[in-house]
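Structural characterization, general
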Amino acid sequence: MNKTDARKIVKAEKAKLVAQDVKSYSEAVAEVFLKQDFYRDAQVIYPYLAYNTEIDTRYIIERAWQDGKIVAVPRVLDDTNMEFFVITSFDDVELGYHDIPEPTTSETVSAKDVLMIMPGLAFDEAHNRVGYGGGFYDRYLEKKESEGIRFKKVSLAYDFQVVDNLEVEAYDIPVDNIVTSKAVL
């Protein structure tokens, strides 16, 4: 499936979701995610802050704080770049780029191993990911991995976001795992 079709199909399915659907599915995905070794072993987590009907990372973030993990979330710096900044509560967040929640803080992390939760619109069982089209995560990861930072890349997905096969470009960075309410792919 090409990126355009994947985005169109998934956006149509996401448009059918109501707030209670998002909440209950997000809680179920968080429950699966929090049982994984990659979460347990992580000291630093870079989740996204949910926008629109994305799977809400709030439950994971709150648990990470309770577990003493460092949590840093992305802020768009300009049309092509983003950076992750530490938050210690949701008071450290306000609406930013395209009304997406972003950190108001300025502390960055110098860790060499990071668990990153990457947003996306569509995924396939080969772990390919189609995002929203801005390329922010691909550029960020390419730059930071070239500096020696190792990322465990995980995405959270509704079942309908996982399709049979996605056509991707050479610069599209796949994820290591996809977590749904029922499985870890």
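Each chain has its residues counted from 1, following the order in which its sequence is written. Confidence filtering applies because this is a predicted model: local features only for residues at pLDDT of at least 70, side-chain atom pairs given and counted only at 80 or more, and all residues used for totals across whole chains, interfaces and linings. Only hydrogens and water are set aside; all other atoms, that is, all heavy atoms of the structure, feed into the side-chain values.

**Side note on the sheet that holds strand β7 (residues 122-124)**
Each pair of strands is called paired provided DSSP finds at least two bridges between the two strands. What counts as a helix is a DSSP run of H or I of at least four residues, what counts as a strand is a run of E of at least two, and both are numbered from the N terminus. Read across the open sheet, the 3 strands follow the order β8-β7-β10; overall the sheet is mixed. Strands with a single pairing partner mark the edges of an open sheet, and in this sheet they are β8 (129-130) and β10 (162-163). Where β7 meets β8, 2 bridges bridge the pair, whose relative direction is antiparallel. Residue Ala122 lies in a different strand from β8, and its bridge partner there is Val130.

**Observations regarding the packing of aromatic side chains**
Aromatic rings from Phe, Tyr and Trp, taking only the six-membered ring of Trp, are treated as a pair when their centres fall within 6.5 Å; an angle between ring planes under 30 degrees marks them as stacked, one over 60 as edge-to-face, and anything in between as tilted. Considering all chains together, one arrives at 11 aromatic pairs under this definition. Measuring from centroid to centroid gives 5.6 Å for Tyr97 and Phe136, while their planes differ by 75°, and the two rings are edge-to-face. Pair noted here: Tyr97 is in the loop between β4 (93-95) and β5 (101-103) and Phe136 is in helix α5 (residues 136-146), with a separation of 39 residues, a long-range link. Three labels apply to residues, based on accessible area from a 1.4 Å probe with only protein chains included: buried if under 20% of the type maximum, exposed if over 50%, partly exposed otherwise in between. Since its relative accessible area comes to 12%, Phe136 is described here as buried.

**Details of the pairing of strand β6 (residues 113-117)**
For β6, the tally of buried residues reaches 4 of 5 residues, placing the bulk of the element in the interior. In terms of strand pairing, strand β1 (residues 44-46) meets β6 through 2 bridges, oriented parallel. Across the sheet, residue Ile45 finds its bridge partner in β6, namely Leu115. In this sheet, strand β9 (residues 150-156) lies alongside β6 in parallel orientation, the contact comprising 5 bridges. What sits directly across from Asp113, in β9, is Arg150.

**Section: the packing of helix α2 (residues 19-34) against helix α4 (residues 58-66)**
Note on method: axes are straight lines fitted to C-alpha atoms, helices fitted across the in-contact stretch only, with angles between N-to-C directions ranging 0 to 180 degrees. For the pair α2 and α4, the least separation of the axes is 8 Å and the interaxial angle reads 40°. Our classification of the angle between α2 and α4 gives oblique. Of the residues in α4, those touching α2 at Lys23, Ser26, Glu27, Ala30, Phe33 and Leu34 are Tyr59, Ile60 and Arg63. Residues are grouped as follows: Ala, Val, Leu, Ile, Met, Phe, Trp, Tyr, Cys and Pro are nonpolar; Asp, Glu, Lys and Arg are charged; all remaining types, including Gly, are polar. Here the contact of α2 with α4 is composed, by residue class, of 5 nonpolar, 1 polar and 3 charged. Should an angle fall under 35 degrees it is called roughly parallel, over 145 degrees roughly antiparallel, and 65 to 115 degrees roughly perpendicular, with every other angle called oblique. The contact definition used throughout considers only heavy atoms, calling two residues in contact when any of these lie within 4.5 Å.

**Re the pattern of salt bridges**
Salt bridge, as applied in this entry: a Lys or Arg side-chain nitrogen positioned within 4 Å of an Asp or Glu carboxyl oxygen. Applying the stated criterion across every chain, the model contains 14 salt bridges. Its salt-bridge partner being Arg58, residue Glu62 comes within 3.8 Å of it at the nearest N-O pair. One end of the pair is Glu62 and the other is Arg58, both in helix α4 and 4 residues apart, which spans about a single turn. Since its relative accessible area comes to 34%, Arg58 is described here as partly exposed. The partner of Lys153 in a salt bridge is Glu145, and the shortest N-O contact between them spans 3.5 Å.

**Observations concerning the sheet that holds strand β11 (residues 177-179)**
Taken in spatial order, the 6 strands line up as β3-β2-β1-β6-β9-β11 in an open sheet, and their pairing is mixed. Of all strands in the sheet, those with a lone pairing partner are β3 (82-86) and β11, marking the two edges. This sheet shows a mean twist of 30° between the axes of neighbouring strands, independent of strand direction. Taken strand by strand, α5 contacts β1, β2 (70-76), β3, β6 and β9, and its axis lies near 75° from that of β3.

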